[in-house]
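Remarks on the overall topology
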Amino acid sequence: MIENIFKTLLLTFNKSNNGAFEILYQSYNFLSWNKQRIRQLDNEEINALFPTLQGSLFQTIIEHFEKGKKLELPLAFDHQSFLWLKFEGCLLPQENNSVLVNTMISQNQSSIAYSWLINSKDQSILTEAKSNVNYFPSNLRELHSYLKDSFAHFPEISIEKLINENLELRFKSLTLKSRNLSPDYKLFELEEYQDRESLYFTDISVSALNNKKDHEVIYFKYLRNSQEILWSGPLNDLLGYEDGNLRSFEFKNWLKLIHPDDQKSLEDFISKEQYENSESSFTYRVKNKKGHFQYLTNKVRNFHNPNTNEEGLTGTLINALHHQNEGRPLNGHDREAHNLSENNFIQKILTEISAISTFFKGKSLFEEINHLIFRKLGFCYSIIGNLNSNNNEMEILSICGLGEKLNDKDKKWQNFLNEILLPLDPNNNFLLVNHNETFETTSLLTELSLCSLLRLSLFDTEMNKIGVLCLLHDQPLKNKAYYDELFNILRDWISKELHRFRFENVLQETNFMHDAILNGTAYAIFAVNHQFELILINNKTLPVFNVKSKEELMNTKLIKGNVQATLLEVISDFLKTNSKTAYYHLLTSKDNYKELKISFTKIQYGNDNKESYVLFVDDITDRTLSEKKLIESEQLFRSIAENFPRGSVDVLDKSFNYLFTDGEEYQLSGTDPKSLIGTNLLSKLTGENLQITRLSLKKVLKGQRVSYETESNQKKFLQSGVPLMNNSKEVDRILLVKQNITEAKKLESDKEKLIKDLKSHNEELLRFAYIVSHNLRAPIVNIALLIDLYNEDNPADPGNKEVWENLKISTNLLDTTLQDLIEVVSIKKQKIPKVEQIDFKLLLNNVEKSLFNQLKESGIKIIKDFSKLDEINYVYAHLESFFMNFMTNSVKYKHPDRSPVVKINTYKEKNYCVIRFEDNGIGLDLSRYGDRIFGLYQRFHNHVEGKGLGLYLIREQIRAHDGKIEIESEVGKGTVFKVYLRNLIIHPSQN
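The present account deals with the structure reproduced in this document. (Residues numbered from 1 in each chain as written. Predicted model: local features only at pLDDT ≥ 70, side-chain atom pairs only at ≥ 80, totals over all residues. Heavy atoms only, no water.)

Topic: the overall build of the protein
Threshold: Put simply, DSSP marks the helices as runs of H or I at least four residues long and the strands as runs of E at least two long, and each gets a number from the N terminus on. Note on exposure labels: buried denotes an accessible area under 20% of the residue type's maximum, exposed denotes more than 50%, and partly exposed covers the range between, all computed with a 1.4 Å probe on protein chains only. Throughout, a contact is declared for two residues whenever any of their heavy atoms are within 4.5 Å. Calculation of accessible area relied on Shrake-Rupley with a 1.4 Å probe; when residues are assessed, cover is drawn exclusively from the protein chains displayed.
Regarding its fold elements, the protein presents 31 helices and 41 strands. A buried classification covers 45% of the 991 residues belonging to the protein. For the protein, contacts bridging at least 24 residues in sequence account for 53% of all contacts bridging at least 6. Accessible area for the protein stands at about 54,200 Å²; split by element, carbon and sulfur atoms hold 49% of it.

A look at the packing of helix α27 (residues 840–850) against helix α29 (residues 876–892)
As a reminder of what qualifies: Think of each axis as a best-fit line through the C-alpha atoms, taken over the contacting stretch in the case of a helix, with angles from 0 to 180 degrees between the N-to-C directions. Any angle that is under 35 degrees is reported as roughly parallel, and any over 145 degrees as roughly antiparallel; angles of 65 to 115 degrees are reported as roughly perpendicular and all others as oblique. Each crossing gets its handedness from the near helix: less than a right angle anticlockwise from the far helix is left-handed, clockwise is right-handed. Gly is placed with the polar residues, together with every amino acid not listed as nonpolar (Ala, Val, Leu, Ile, Met, Phe, Trp, Tyr, Cys and Pro) or charged (Asp, Glu, Lys and Arg).
Contact geometry for α27 and α29: axes closest at 10 Å, N-to-C directions at 55°. One element, α27, and the other, α29, form an angle in the oblique class. Handedness of the α27/α29 crossing: right-handed. Along the contact surface, α27 presents F840, L843, L844, N846, V847 and S850, while α29 presents Y876, L879, E880, F883, M884 and M887. Within the contact of α27 with α29, the residues separate by chemical class into 9 nonpolar, 2 polar and 1 charged.

Observations concerning the sheet that holds strand β20 (residues 430–434)
Just so we agree on the cut-off: Strands qualify as paired when DSSP identifies two bridges or more between them.
Spatial ordering of the open sheet is given by β19-β18-β17-β22-β21-β20, a layout of 6 strands whose pairing is antiparallel. Looking along the sheet, the strands with just one partner apiece sit at the ends: β19 (404–405) and β20. Here helix α15 (residues 411–421) sits on the sheet and contacts β17 (381–388), β18 (393–401), β21 (452–459) and β22 (465–473); the angle it forms with β18, its principal contact strand, is near 115°.

Points about the pattern of salt bridges
Let me state the cut-off plainly: For this analysis, a salt bridge means a side-chain nitrogen from Lys or Arg found within 4 Å of a carboxyl oxygen belonging to Asp or Glu.
This model, assessed by the stated rule, comprises 18 salt bridges. Between D732 and R733 there is a salt bridge, with the nearest N and O atoms lying 3.6 Å from each other. K978 serves as the salt-bridge partner of E968, at 3.5 Å between the closest nitrogen and oxygen. One end of the pair, E968, is in strand β40 (residues 964–970); the other, K978, is in strand β41 (residues 974–981), and 10 residues separate them in sequence. For E968, a relative accessible area of 42% gives the class partly exposed. Through salt bridges with shared partners, one network takes in K496, E497 and R500.

Re α27
Selection criterion: Starting at the helix axis, one direction is taken to each C-beta atom, and the arc is that of these directions. For the purposes of these results, a polar contact is taken to be a pair of N or O atoms within 3.5 Å, where, inside protein, one atom must be able to donate a hydrogen and its partner to accept one; residues adjacent in sequence count only when each atom of the pair is a side-chain atom.
For α27, the full list of buried residues reads F840, L843, L844 and V847. Angular distribution of buried residues about the axis of α27 spans 95°; they occupy a single face of the element. In this structure, α27 carries K841, L842 and K849 as exposed residues pointing more than 90 degrees from its buried face. In this structure, the buried residues of α27 make contact with β35 (836–839), β36 (861–865), β37 (871–874), α29, β38 (901–909) and β39 (912–919). Where α27 begins, the capping side chain belongs to D839, and its oxygen is found 2.8 Å from the backbone nitrogen of K841.

Section: unusual backbone geometry
Here Q123, not a glycine, exhibits a phi torsion of approximately 65°, which is positive. Structurally, Q123 is set in the loop between β6 (114–119) and β7 (125–128). Using a relative accessible area of 27% as the deciding quantity, one classes Q123 as partly exposed. Here the phi dihedral of N546 falls at roughly 60°; this positive angle occurs in a residue that is not glycine. Counting through the fold element by element, N546 comes out in the loop between α18 (541–545) and α19 (550–553).

Some words on the nonpolar core
We apply this condition: Residues enter a nonpolar core if they are buried and are Ala, Val, Leu, Ile, Met, Phe, Trp, Tyr or Cys, with the set joined through side-chain atoms within 4.5 Å.
Membership of the largest hydrophobic core comes to 35 residues, with the highest contact counts inside it found for Y874, L879, F883, F886 and L981. Listing elements by their share of this core, those giving two or more residues are α27, β37, α29, β38, β39, α31 (950–959), β40 and β41. Sort the elements by how many residues they give to this core and α29 lands first, with 6 residues. Ignoring anything within four residues of it in the chain, the contact list for L981 reads I872, Y874, L879, F882, N911, Y912, C913, I915 and I958. Among the nonpolar cores identified, the runner-up in size contains 32 residues, and F379, F430, L454 and F487 belong to it.

A few points about the packing of aromatic side chains
What counts is decided by this rule: Note on aromatic pairs: the rings of Phe, Tyr and Trp (six-membered ring only in Trp) are paired at centre separations within 6.5 Å, and the planes decide the class, stacked below 30 degrees, edge-to-face beyond 60, tilted for the rest. Over a ring means this: the NZ of a Lys or the CZ of an Arg is within 6 Å of the ring centre and within 35 degrees of the ring normal.
Summed over all chains, the structure comprises 21 aromatic pairs. Judged by centre distance (4.6 Å) and plane angle (35°), the ring pair of F13 and F58 falls under tilted. Placement of the pair is F13 in strand β1 (residues 8–15) and F58 in helix α5 (residues 57–66), with a sequence separation of 45 residues. F13 gets classed as buried once you look at its relative accessible area, which sits at 0%. Counting every residue linked through ring pairs, the aromatic cluster contains F532, F574, F600 and Y613. For K560, the ring lying beneath its charged end belongs to Y584, and the centroid distance is 5.5 Å. A cation sits over an aromatic face here: R982 above Y912, 4.2 Å from the ring centre.

Comments concerning the side chain of D919
Going by this rule: When charges are tallied, Lys and Arg are placed among the positive residues and Asp and Glu among the negative ones, while His and the ends of the chain are skipped.
Examined against the element boundaries, D919 turns out to sit in strand β39. The buried charged residue D919 lacks any salt bridge partner; its closest oppositely charged side chain belongs to R898, at an N-O distance of 7.4 Å. A distance of 3.1 Å separates the side chain of D919 from the backbone nitrogen of G921, its partner in a polar contact. Sequence-distant contacts of D919, that is, excluding residues within four places in its chain, are made with S890, V901, V902, K973, G974 and T975.

What about the pairing of strand β23 (residues 524–529)?
In the case of a regular strand, side chains alternate between the two sheet surfaces. Taking burial as the measure, the 6 residues of β23 include 6 buried ones, the bulk of the element. When β23 meets strand β29 (residues 610–619), the two strands line up antiparallel, connected through 6 bridges. Residue pairing in the sheet places V528 in a bridge with Y613 of β29. The pairing of β23 with strand β24 (residues 534–537) spans 3 bridges and is classified as antiparallel. Opposite A527, over in β24, you have L536 as the bridge partner. Where β23 folds back on β24, the antiparallel hairpin that results is connected by 4 residues, among which F532 adopts a positive phi of roughly 60°.

Okay, here's the thing in structure tokens:
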């Protein structure tokens, strides 16, 4: 039946600034009524569905919503029936003077049992679909016969007179009345009351009496003036009291039976100064005969008797007890949740959603909807998901937990939604389960104490799934039919908002792209239609043509040759020729002008092949002036470049593009400088060269002169940038002079190295002079003294033997010192040593063989790693000496409490080959001896033999080839030596 379809529908339409209407969204259950036909409906066909409508339905809806009113209209859905519909909603003004309208369409909750819609012209009749009539008369005669046969007390009256004169008649248990709905249609209504109830319950319809369920409906009337409640109905069946006990009852005594937590809300409602015209519904607890509190639902509406001036409330009280636990307190959320099937509660929520949709958009709208669901229904967690079409995964659009916004990017919730909630019965579009059914408990559910799920799929107008609404609660969910009724309506509304959100996102992205393309270019772009009306313009157009408003644009005067024409005439000229591009001058002052390049494109569109014209306008004034200046100065630059030794001269524009470049350097490198014109200098650079060049050229644009160095292909260049000014003293070009300074840098490096070597040699000479004077002086003085002690007169003197022994000792000491000094001098004299390719592994094997006995006795463990650097070009004798010295020192200075361990590894660091020796020996106190470690004849341990010459010789050998040595040591822990060596060049003669 169609009346079941129209429980609640959602409709969104737009009224454009030219008065045209367009349906943007309609509920999928509305489409299911007549899906094939509804797609073809136009305004006239829609208006024809509402016979009493005067004018356009869409315009009538807007007029009522503007005044804050609801719209009630009868819908004629076939040739014999009609249904009352109610339109409620809001207007959303748009930026382009259009109006967006959101409306909810629902059945009007009329209490009239019988009603007919009568056409006053042809007397045809439509019967209300929700009435108790199963007979559909086609004219007034048939209607009158039906009423006479059906109602014993129907009066003897001309029904034509009753209807035509809009009379209202009360006769015994019947009330008949007629009223105009439009010039062509009248509404005729009949109400019937049982005689027993007619005294007090004149507002209770026959349909309500006929629809009692299990004799659990009580009819009541509350009289405001006397504060008395009058009852009728099966009180004994509902509450257990005898029928006579509550027939007439004061309100204060009724309150005593109400649960204390519910008394105030009921009392506040009853004591209102003015009751609303619409029907209201609420649930509260009443103590029954057994002393238990029982849930009852009260449906009430106001009444006023004009004869007695009596007013109050009338309605029904029905059993709402579907709870197993009668004594459980009823909080606000539970109270509203028990009224889910009530239309006023549904409309209240939808009205609030409609209201917040006027203030919020995008994700914030769905956050507000989630908060509303929590406030009204009390669900612990509410999740709205949006289906990502790229990966077919549900993305959380909004999530609310215990009334608070949660992080919608939290992977925990994202995974929970996609891996737990969605796979559960995936084909079910309305799923309500509890944990004791098929809702499997997970760690997150246990952590949050959740035990029930309500999940609804969200659809677009084509019934494609676009999202999901998931509600989680810490209590089991009951009364699925109630939730089904509410959320099938909410599903439509939220689906509509989600569909609009997705559409607006796509539209926004398209608009951003459109704006980026249109306004991101340096060109002026605008379009006119076939009537030369401006329909598109970007932000460059008005400044290019020097006008302040779009109205002035088409009258702008342009000059070509000696002919002056408006922009409108220029467009007309394009249409007369096949030309697509032309050049014009635009006067900006008496002596100045702009030069414009205008490109023209014609576009046809629509079924009528209408034409539009798009123009691209490029202000080439600066470019033309630059080209002229470049031509004037190019010869000068070329003359400079051709005579500039080992360099080049560049002229760049403000974007660092080449305007001119030439020079001897291009000839040396074999590059054609003309191929660089128009390309960007920075695009040719990388790394540090790019960074320093970009930074320096930006300084030139600010009027500064700069000099900086770059390096490319092992060549070094000195670059000097100079700003070139235009007539307005603004920098419009850059002069960049580049000179190859590779040879100069090499000479400078050699000079610095020579100075460094001389300084080092001078320091060594000073140290050598000190050593000679100190180390040779002692034995020579000893020898001189011993000679004085020698008894020349008596060579057989026994004392002479001791003198000779001491002379031998001093002479040996002198000889040893001289040999050490000779070795030092030989290191410094060896200018061209033999360089060869040395394998570290083989070298270490040779050293281990040479020191075999010594290493074996010490029990030393050698850990080696040459994986990062396995060979080096160096002097074999020097490298062998390094290994020998460090290895023997590790043995000599091993720790007495542990076995010696040596770790040797090699690697590259910048321009050095690094050899790292680490031992676990006794170590050195660097804070005490650090400045003397590599000195000549420096010793720091007396428990082993040594001269203090080894580290000195190692350092000198390393320094001889531009290397360095570093030491790290800690007493009791060990020592680390790092030797930094250059990878030397093997001379061809040594191969």
